[in-house]
Amino acid sequence: MSKPTLNSSDLREWEKLAAESAPGGKVENLVWTTPEGIDVKPLYTARDVAGLEHADTLPGFPPFVRGPWATMHAGRPWTIRQYAGFSTAAESNAFYKRILAGGGQGISVAFDLPTHRGYDSDHPRVRGDVGKAGVAVDSVEDVKALFDGIPLDRVSVSMTMNGAVLPVLAGYLVAAEEQGVSLDRLSGTIQNDILKEFMVRNTYIYPPGPSMRIVADVIEYAARRMPRFNSISISGYHMQEAGASQALELGLTLADGRAYVEAALARGLKVDEFADRLSFFFGIGMNFYLEVAKLRAARLLWWRIMKGYEPKNPKSLMLRTHCQTSGWSLAAQDPYNNVVRATIEAMAAVFGGTQSLHTNSFDEAVALPSDFAARIARNTQLILQEETHISSVVDPWGGSYMMEALTREVAGKAWEVVEEVERQGGMVRAVESGWAKRRIEECAAEKQARIDSGRDPIIGVNKYQPDDDPPIAVREIDDSAVREVQTARLEELRARRDSAAVAAALGELTETARSGAGNLLEATVKAVRLRATVGECSDALEKVWGRYRGDAPVITGVYGMAMGEDRGWRGLKAEVDAFAEREGRRPRVMIAKLGQDGHDRGARVVAAGLADLGFDVDVGPLFQTPAEAARRAVADDCHAVGVSTQAAGHKTLVPELIAALREQGAGDVLVFVGGVVPVQDHEFLRVAGVADVFGPGAPIPDCARRILEAIRDRSHA
């Protein structure tokens, strides 16, 4: 029987049939255009994959589009990870043991914000943050408690740490040493990806130049002592969480990877000494087809990049990746829908060929995951891995006309980003100039406008809202209690160590930074072994490099343009203009981030939306104390302060802000709170003096109207 062939008349006939059910009677109305500008068609044929670069390839063979390993999940299922950490090391340790007993196959450690920013828990700048968004780690004693009873030669450990990577990784190495585990038996990953911190997550400490030296020193140390350990996880996850499209996330992540390769080579390493231990980390959102294509395109493009360094080891050409389902796609409204979202995203990661995976818990839109929610998240992966037979096929999407064509399209768009970074002078320069951050924020503002206008549906949020949405039980951490425990541990540690030996080791670390000679991780391990703390090691480097303070203007015009001619939007702009004409100035709002919370997507998108409405908007610097924010609000003569919170410190920091405003005679300045705030906390904040609370998913125009009305009422009082 002859194989049927597709000709032009067949396609024309299909178009006639399709037009009968297409909106407006036109097939082109069925085309979905992605944020990158990729047209996803309703029908793909063999013509769409003609001349495809990666056609007829096999898994385990260059260019690795179909997977880095020959049998992929059929022979080696992905590692099931659970990203977790909260309160004290002892409490997190108990949680990890429950994870491993319940089917988890590796540990992924979330550290609290003071640890990320290189502060000990007793530092005055970290009130409200200790143990809140991760586990508090001040010394190797905390690391030992974190992994007590967990054999580090058998359990893979991933650590999301960048700014304070030196003392935290040193603590892990010394803890393993004192557990009797040699470095060559350790497996896992340290994130060590500082460039993306300057773009989106902001848990940096030092300027970009010195920070890149730290990255290279970690890669060098691991390459020569830790053959099973990944010395870097080049992360696009946080870029997507901050608003980047799939292609922008991919392009910037690969450009970061190239910069790290160059830094390691400049350190004197040969490419095959370290390249096979580089790993990647991608976010997986709700654009299902694009996420599968993104992971396939990532391997293709990394192979293309690494070929240029002429490695001899084929593994140096392979991109291996961890994935995590999106935290941003989780909704506080109708939260059990998030179980479905995480499942769909997990399937995209598996179909795309991830090597390990974390599924977010359904309650993470409002709080740290409860045991109940974490179990569902973990079981989601176990069900996919053990009940569905999805992993029985190496590359289920291989040969799909649509997926192969879409892989090429995503790769093309991402490669344009890589080439633009090179025109900017490389990734370090693109970060320093603010170009990369600006690109991400433009995507975020446009996405938010599409949601707020209803063009991008979010079930339970802007479409099919439930009549009754009762609060869910959430995990709450008493940061004051954790701070007391950690402070006591620090006092005990400092009392029993050899202070002179610690001071000498810290002096050597400072000199290593100042001279440019020697390996910074090696010097830090020496200090940590003597019981130097995370804060002390960070301070030793700060003496030479200082603390970096980033600044970026608010993106204007993007949100308003995406709202278009929306009638409600235009009416609200007119009200803002009327206020300005009546009062002689525009409503002035300062958007504030308090404490060590650097997640600023929400703050900057809200600022962009308010500015496009005609508000006078001031974005305060990151990492302000409540007193500093109050002083700035008074100096700038603000009508209101909007506190954006993502890290659960609001019950401590917001009341302190209100008290500071009153102390400065500015009790009439309104305070609003928005972000990750459980419904259970709203009344607490209102009693404390907050004018209004906006939970996750609140449309910016609705927030703006309520802010304007409150300012107007206060002005008339």
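Going by the structure above, here's the rest.
Residues numbered from 1 in each chain as written. Predicted model: local features only at pLDDT ≥ 70, side-chain atom pairs only at ≥ 80, totals over all residues. Heavy atoms only, no water.

Chemist: I'd love a proper account of the overall build of the protein, names of residues and values included.
Modeler: Scanning the protein from terminus to terminus reveals 28 helices and 16 strands. Compactness check: the protein gives a C-alpha radius of gyration of 26 Å against a globular reference of 27 Å for 717 residues, within 12% of the reference. Overall size of the protein, expressed as C-alpha extent along the three principal axes, is 85 × 70 × 50 Å. Residues classed as buried in the protein amount to 58% of the 717 residues present. For the protein, the proportion of contacts with a sequence separation of at least 24, taken over those separated by at least 6, is 79%. (Helix = DSSP H or I, 4+ residues; strand = E, 2+ residues; numbered from the N terminus. Rg over C-alpha atoms; globule rule 2.2 N^0.38 Å. Buried < 20%, exposed > 50% of the residue type's maximum accessible area, 1.4 Å probe, protein only. Contact = heavy atoms within 4.5 Å.)

Chemist: So what's going on with the pairing of strand 12 (residues 588–592)? Which residues, and what values?
Modeler: Note on strand geometry: in a regular strand, side chains alternate between the two faces of the sheet. Across the five residues that make up strand 12, a large majority, five, are buried. Burial along strand 12 is two-sided: the face carrying Arg588, Met590 and Ala592 and the face carrying Val589 and Ile591 are both buried. Strand direction decides the pairing type here: strand 12 and strand 13 (residues 616–619), joined by four bridges, are parallel. Each residue of the ladder has a partner; that of Ile591, found in strand 13, is Val619. Between the parallel pair strand 12 and strand 13, the chain is carried across by helix 24 (residues 601–613), and the sense of this crossover is right-handed. Sheet topology places strand 12 next to strand 14 (residues 640–645); four bridges connect them, and they run parallel. Residue pairing for strand 14: Ile591 is matched across the bridge by Gly642. (Pairing = 2+ DSSP bridges. Right-handed = clockwise from strand over helix to strand, strands pointing away.)

Chemist: Just give me the short version of the packing of aromatic side chains, but keep the residues and values in it.
Modeler: This structure, assessed with the given rule, holds 19 aromatic pairs. Plain terms: the ring middles of Phe198 and Tyr204 are 5.1 Å apart, the flat faces sit at 5° to each other, and that makes the pair stacked. Per residue, the accessibility class of Phe198 equals that of Tyr204, and both read buried. When the centroid spacing of 6.1 Å and the interplanar angle of 80° are considered together, the rings of Phe351 and Trp397 count as edge-to-face. In this pair, Phe351 sits in helix 13 (residues 337–352) while Trp397 sits in the loop between helix 14 (371–386) and helix 15 (401–424), placing the two residues 46 residues apart along the sequence. Phe351 sits in the buried class, given a relative accessible area of 15%. An aromatic cluster is built from Phe198, Tyr204, Tyr548 and Phe623, whose rings are joined through pairwise contacts. Sitting above the plane of the Tyr119 ring, Arg547 keeps its charged end 4.1 Å from the centroid. (Phe/Tyr/Trp six-rings, centres within 6.5 Å; stacked < 30°, edge-to-face > 60°. Lys NZ or Arg CZ within 6 Å of the ring centre and 35° of its normal.)

Chemist: Got a sec to walk through the sheet that holds strand 13? Specific residues and values, please.
Modeler: Across the sheet, which stays open at both edges, the five strands sit in the order 13-12-14-15-16 with parallel pairing between neighbours. Only two strands of the sheet have a single neighbouring strand rather than two, namely strand 13 and strand 16 (692–694). Strand-to-strand twist of the sheet, defined as the mean angle between neighbouring strand axes without regard to direction, takes the value 20°. With respect to the sheet, helix 26 (residues 650–663) is in contact with strand 14 and strand 15 (670–675), its orientation differing from that of strand 15 by roughly 165°. (Axes fitted to C-alpha atoms, helices over the stretch in contact; angles between N-to-C directions.)

Chemist: An account of the state of the cysteines is requested, with residue identities and associated values reported.
Modeler: What the rule picks out here adds up to zero disulfides. A disulfide-free cysteine, Cys638 has its sulfur positioned 18 Å from the sulfur of Cys703, the nearest such atom. Among the residues examined, Cys638 registers a relative accessible area of 6% and is labelled buried. (Disulfide = S-S within 2.5 Å.)

Chemist: Can you tell me about the packing of helix 8 (residues 208–225) against helix 10 (residues 246–266), naming the residues and giving the values?
Modeler: Contact geometry of helix 8 with helix 10 gives a least axis separation of 9 Å together with a crossing angle of 70°. In terms of orientation, helix 8 lies roughly perpendicular with respect to helix 10. Viewed along their axes, helix 8 and helix 10 form a crossing whose handedness is right-handed. Taken together, the residues of helix 10 that come into contact with helix 8 (itself represented by Met212, Val215, Ala216 and Ile219) are Ala259, Tyr260, Ala263 and Ala264. Looking at the contact of helix 8 with helix 10 residue by residue, the classes come out as eight nonpolar, no polar and no charged. (Parallel < 35°, antiparallel > 145°, perpendicular 65-115°, else oblique. Left-handed = near helix turned anticlockwise from the far one by under 90°. Nonpolar A, V, L, I, M, F, W, Y, C, P; charged D, E, K, R; others polar.)

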